[in-house]
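So you can see what is in the structure, the chains are spelled out below.
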Number of protein chains: 2
Amino acid sequence: MTSYDVAHRAGVSQSGVSRVFKPGASASAAMRARVLAAADELGYRPNAIARSLTTGRSNMVGVIISDLTNLYYPEVLSELSARFSGRGKRVLLFTLAREAGVDSILGDVVGYQLDGIVSAARLSAGQVSDFLDRGCPVVLYNRSFDDVPASSICCDHVHGARLLATRMAEAGHHRFGFVSGPTDSFVSQERTRGFLGRLAEMGVAEPAVVAGDYGYASGHAAARELAREAGPALDAIVCANDMMALGAVDAVRGSLGRRVPGDISIAGFDGIDPARWDSYRLTTVRQPVRRMTQAAVEMLLDHMADPSRPPERRMIPGELAVRATVRGLDGAPAAELGAADAA
Amino acid sequence: MTSYDVAHRAGVSQSGVSRVFKPGASASAAMRARVLAAADELGYRPNAIARSLTTGRSNMVGVIISDLTNLYYPEVLSELSARFSGRGKRVLLFTLAREAGVDSILGDVVGYQLDGIVSAARLSAGQVSDFLDRGCPVVLYNRSFDDVPASSICCDHVHGARLLATRMAEAGHHRFGFVSGPTDSFVSQERTRGFLGRLAEMGVAEPAVVAGDYGYASGHAAARELAREAGPALDAIVCANDMMALGAVDAVRGSLGRRVPGDISIAGFDGIDPARWDSYRLTTVRQPVRRMTQAAVEMLLDHMADPSRPPERRMIPGELAVRATVRGLDGAPAAELGAADAA
DNA sequence: TTGAAAGCGCTACCAG
DNA sequence: CTGGTAGCGCTTTCAA
């Protein structure tokens, strides 16, 4: 079923059919009606591939996600997908299991004429530049490069980390352990910097730091290692993301046989769904995923509409969600729900 | 950068360039070398859109997922994505938030010449037929229709449910509650049928049944409702998926103040990652996601290679993973890890 | 408003 | 093995 078939059946020219299917094109009501009728009878659907070939735009955007096992990303992906499809864009999904294959994505970007990319993976500055050089706008989700003119939407990790540090120091914790993410993770670097920096400002003893990989198991292991390193004085563990914090909670309660937050307070980052589950009620810094994905989509769409638009780096504050894994300011377990939790 | 540019630079014909980039086409080593060199210098990438237009195949497959908040699906999606990209296929992602929009996907299927579809969403028989009628092979993930000639890969929900029923009845539970999924869910129907059927066979009193929506919160609510309905005799709750079972565990331990499995045993279905976390150690029937996704991909690729191939319905047994939320056969809490858990 | 015609970049079929 | 040539189905000038 091509536009020629429809044109023939409707007794109009092929270009007429094309125009009828192009929103905002000139076609008389009469023609429109006949074409639509014919198209309907024939079950005609415009061929998006052919359209892309002529127009140079595919109506597809690439979404690059590094790791769907970190439960923060399914939430992001889900939102992005819904928003893009609401805007008439298809989502081509790229999951970067092993950091490899970025250049193959580059090939696809030009090959499939992707209209844009939102990346929530750990791309290098050079890789991002490659996309840009190919004329493909990029919005970086939760990372950004000073020297690369790509737009980005970031949660303010430093600020969030400082919030957390402040709150925990004020609650009187003395001996901290910190579980960072992979060392090449921008997010981890920011959160680490913010947390340790603020702690230092407040005159708290420097925490023991171990690195994890953002997974539950690594948080579990890290908590045990911290306990070993820091000894019984350890009274607070902060993890660079919720997944690890959940693992840490379980390790402390289980393997270590200590209470949370009675003996050791624990906090994370992200505000993933499982962190709210009753078994955890994890204190965390929540990223406003909805606002962030919305911003990401808007920014990308804007750049697609006007490629000359200068890159924009938007930063959104995270919200401290004080729940049940951190002692209260009076030394007692914190209130069940922080005010921020209502959102 | 088009193949003409490369051809010109390499001093060969455009068709030559095309052949060099088509795997398994005839081109002398000399030509290949010169073309590749020229292409490299020019940063040429074949235009997949144009290729799709002529060949009629896009090298894209659609993956339809209903709900990424059910943590079973991110696992599936992650696997599918990795496997498809390993096979040189791009994944066009469709998330079906509200069951609507299936027909828009249909449009995309024909518009983007999708080579195939794997659907893990609740499509109707008619919708699946529509895809098939358009010449787009479909593999149904965890559902199938008797009267629609689509291939499918299913976990044997009935069998798995029977395993669970047997094990729990043998452990001496008397008063069961069952939390089903949405009534229009094939998976839920199968699991419900298997579970209730086996219980009846074993002469166990008919369980109280309430319906959930596969989410944590609904499992939480359902457990409380079951406790209200069934009274203090209630000693086992089985949920149609892990997410709800996790909610149920928390409800029983928290709101109801009973022990799991001391007072009430709880089990789920799927074998999602969080079900293994120390706070839960949920007894469940694990779906072999890796084998299932592998089968799904293979089947779809086979159909794409040979469209005349008859549909195939493959069924893979689930594995009972006895963990810590169900009483042991001696009435004591079950062994920490079932043998199946080693996998 | 409408129709004719020229491509978009590639594949595939042909003859050489 | 190689080069010419005819499209794939659509959008988009350009005249009418």
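It should be noted that the structure appears before, not after, this text.
Numbering of residues starts from 1 in every chain and runs along the sequence as written. Both sets of labels track the order of writing: A upward for chains, 1 upward for ligands. Whole-chain, interface and lining totals are the exception, using all residues; otherwise, since this is a predicted model, local features are given only for residues with pLDDT of at least 70 and side-chain atom pairs are given and counted only at 80 or more. Based on all heavy atoms of the structure, the side-chain values leave hydrogens and waters out of the count.

A single heavy atom is enough: if one lies within 4 Å of a molecule or strand, its residue is considered near that molecule or strand. Neighbouring DNA strand D are 25 residues, the closest being S3, Q14 and S18 of chain A together with R19 and S28 of chain B. The contact atoms of DNA strand D, taken as those within 4 Å of the protein, divide so that sugar and phosphate hold 59%. A 3.5 Å cut-off defines polar contacts: any pair of N or O atoms within that distance qualifies, except that in protein one atom must be a possible hydrogen donor and the other a possible acceptor, and neighbouring residues in sequence count only when both atoms are side-chain atoms. Between S3 of chain A and DNA strand D, the recorded distance is 2.4 Å, taken from a backbone N or O atom to a phosphate oxygen. Helix numbers and strand numbers start at the N terminus; a helix is a DSSP run of H or I with at least 4 residues, a strand a run of E with at least 2. Contributing elements (two or more residues each) for the surface near DNA strand D: α1 (3-10), α2 (14-21) and α4 (48-55) of chain A together with α2 (14-21) and α4 (48-55) of chain B. Of the residues forming the surface near DNA strand D, the biggest block, 4 residues, is contributed by α4 of chain A. Gly is put with the polar residues, along with every residue not named as nonpolar or charged; the nonpolar set is Ala, Val, Leu, Ile, Met, Phe, Trp, Tyr, Cys and Pro, and the charged set is Asp, Glu, Lys and Arg. Looking at the surface near DNA strand D, its residues break down into 8 nonpolar, 13 polar and 4 charged.

Before going further, it helps to spend a moment on the packing of helix α6 (residues 102-111) of chain B against helix α7 (residues 125-133) of chain B. Residue and element names in this part refer to chain B. Following both chains from N to C, one finds α6 and α7 inclined at 10°, their axes separated by 10 Å at the closest point. On the basis of their axis angle, the class for α6 and α7 is roughly parallel. For the pair α6 and α7, contact is made by V102, I105, L106 and V109 and by Q127, D130 and F131, respectively. Helix axes are fitted to C-alpha atoms over the stretch in contact, other axes to C-alpha atoms as well, and angles between N-to-C directions run from 0 to 180 degrees. For classification purposes, angles smaller than 35 degrees are called roughly parallel, those larger than 145 roughly antiparallel, those between 65 and 115 roughly perpendicular, and all remaining angles oblique. We call two residues in contact when some of their heavy atoms are within 4.5 Å.

Quick look at the protein's contact with DNA strand C now. Taken together, 24 residues sit near DNA strand C, with S28 of chain A together with S3, Q14, S18 and Y44 of chain B positioned nearest. Backbone sugar and phosphate groups make up 60% of those atoms of DNA strand C lying within 4 Å of the protein. Contact between DNA strand C and S15 of chain A: a base nitrogen at 3.2 Å from a side-chain N or O atom of the residue. A distance of 2.6 Å separates a phosphate oxygen of DNA strand C from a polar side-chain atom of Y44 of chain B. Those elements giving two or more residues to the surface near DNA strand C turn out to be α2 and α4 of chain A together with α1 (3-10), α2 and α4 of chain B. At 4 residues, the largest contribution of residues to the surface near DNA strand C is made by α4 of chain B. When its residues are assigned to classes, the surface near DNA strand C shows 8 nonpolar, 13 polar and 3 charged.

Here the focus is the relation of the copies chain B and chain A. Least-squares superposition aligns the copies on the C-alpha atoms of those residues with pLDDT at or above 70 in both. Between chain B and chain A, which share one sequence, the superposing operator has a rotation angle of 180° and an axial displacement of 0.1 Å; the RMSD is 0.2 Å. One copy is carried onto the other by what is essentially a two-fold rotation axis. Rotation axis and chain B: the residue whose C-alpha lies nearest the axis is L92 of chain B, separated from it by 2.3 Å. Most of the interface of chain B is mirrored in chain A, where 100% of its interface residues again form contacts.

Turning our attention to the sheet that holds strand β10 (residues 283-286) of chain B. All names here are of chain B. Two strands pair under a simple rule: DSSP has to find at least two bridges between them. With respect to topology, 6 strands assemble into an open sheet ordered β7-β6-β8-β9-β10-β12, the strand pairing being mixed. Edge strands, defined here as strands with exactly one partner in the open sheet, are β7 (208-211) and β12 (319-321). Direction aside, neighbouring strands of the sheet carry axes that sit 15° apart on average. Taken strand by strand, helix α8 (residues 157-170) contacts β6 (176-180), β8 (236-239), β9 (265-270), β10 and β12, and its axis lies near 165° from that of β9. Lying on the sheet, helix α10 (residues 216-230) is in contact with β6, β7 and β8; it crosses β7 at an angle near 150°.

In any sheet, the strands associate via hydrogen bonds between backbone groups, in a parallel or an antiparallel arrangement. All names here are of chain A. With mixed pairing, 6 strands are arranged side by side in an open sheet as β7-β6-β8-β9-β10-β12. At either end of the open sheet lies a strand with only one pairing partner, and these are β7 (208-211) and β12 (319-321). Strand-to-strand twist across the sheet, computed as the mean angle between neighbouring axes with direction ignored, equals 15°. With 3 bridges connecting them, strand β8 (residues 236-239) and strand β9 (residues 265-270) associate as parallel partners. Within β9, the position partnered with V238 by the bridge is A267.

Residue and element names in this part refer to chain A. The rule is simple: put a 1 Å grid over the protein atoms alone, call a set of points where a 1.4 Å probe fits but cannot get out a cavity, call an open set with protein on both sides within 12 Å along at least five of seven lines a pocket, and count a residue as lining if it has an atom within 4 Å of a point. Grid points are joined across faces, edges and corners, and a volume is the space filled by probe spheres set on the points. One pass over the full model with this rule turns up 1 cavity of 30 Å³ or more. Mapped by element, the contributors of at least two residues to the lining of the largest cavity are α5 (72-86) and α9 (186-201). A per-class count over the lining of the largest cavity returns 4 nonpolar, 5 polar and 4 charged. How far each domain reaches was decided by an automatic or database domain assignment. Split by domain, the lining of the largest cavity shows at least three residues from each of two domains, domain 2 (56-156 + 289-318) and domain 3 (157-286 + 320-342).

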